[in-house]
Amino acid sequence: MPFSSTLAAIDGWLAEHAPLTLRDLPAPATAADLAAVRAHLGTDLLKEVEQLLRWHNGAGRAVPPFCLAPGYAFLSTADMIATSRRHLAEDAARHWHTWNRQWLPVAAGQRGRVLTVDHAESDTHGHVTISSTDDSRDFPKTWPDLDALLSRTYEAMRYGNRFMKSRRTVLDGRLDWDEA
């Protein structure tokens, strides 16, 4: 299904099963918000990233937050830029570099992990990767694009499937993810 249909399906599922989560999602990003992200990256936004931000500008302040994948809270444009700047600053102090300026963090997890969308002109252009500041020897989990990731998240929401070692739960109108 097209990416815009996945976003609409997520809204529909939330409206029926987790209406407080849907209510707490902020308005779409403004043109100024999108321009700030483009300026930070130094390139145009991928179509899916722009669609995502025109859908909602992050998860808002609700607890638990809306996650693009279990355990990864959807970041606002301001938080995307701040998180990227923090990673770039940490990289500047290292002898080796682990962060690319054209990686856009779209969601934040625990212990410095983020979901990044690669905007660089490379073989991994458009891929979504779990990036981390720790020195883990595990190979990072990746998806070919944002649509593949959100389609899996939606399937897990809709059918209660296990995804990323978690299952969705709904309590008092709010979507959350528990280890499974």
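Residues numbered from 1 in each chain as written. Predicted model: local features only at pLDDT ≥ 70, side-chain atom pairs only at ≥ 80, totals over all residues. Heavy atoms only, no water.

The subject of this paragraph is the overall build of the chain. In terms of helices and strands, the chain carries 6 helices and 8 strands. Counted from the first residue to the last, the chain has its helices and strands arranged as α-α-α-α-β-β-α-β-β-β-β-α-β-β. Relative to a compact globule of 180 residues, whose C-alpha radius of gyration would be 16 Å, the chain shows 16 Å and is just as compact. Evaluated residue by residue, the chain yields a buried proportion of 43% over its 180 residues. (Helix = DSSP H or I, 4+ residues; strand = E, 2+ residues; numbered from the N terminus. Rg over C-alpha atoms; globule rule 2.2 N^0.38 Å. Buried < 20%, exposed > 50% of the residue type's maximum accessible area, 1.4 Å probe, protein only.)

Take the confidence of the model for the chain next. Parts of the model with low pLDDT should not have their predicted coordinates read in detail. On average, residues of the chain score 92 in pLDDT, and 95% of them reach the 70 mark or higher. Confidence, expressed as mean pLDDT per element, reaches its minimum in the chain at strand S5 (residues 128–131) with 91 and its maximum at helix H4 (residues 47–55) with 98. (pLDDT = per-residue confidence, 0-100.)

This part takes up the pattern of salt bridges. Scanning all chains against the criterion turns up 5 salt bridges. Glu50 is the partner of Arg38 in a salt bridge, and the nearest nitrogen-oxygen pair spans 3.0 Å. With Arg38 in helix H3 (residues 31–41) and Glu50 in helix H4, the pair connects residues that are 12 residues apart, well separated along the chain. The exposure class assigned to Arg38 is partly exposed, which follows from its relative accessible area of 24%. In this structure, a network of salt bridges that share partners links the residues Arg23, Asp24 and Arg174. (Salt bridge = Lys/Arg side-chain N within 4 Å of Asp/Glu carboxyl O.)

This next bit is on unusual backbone geometry. Geometrically, the link from Val63 to Pro64 is a cis peptide bond, its omega value of -5° lying close to zero. Of note in this structure, Arg111 is not a glycine but carries a positive phi near 55°. Of note in the backbone geometry, Asp172 takes a positive phi value of approximately 55° without being a glycine.

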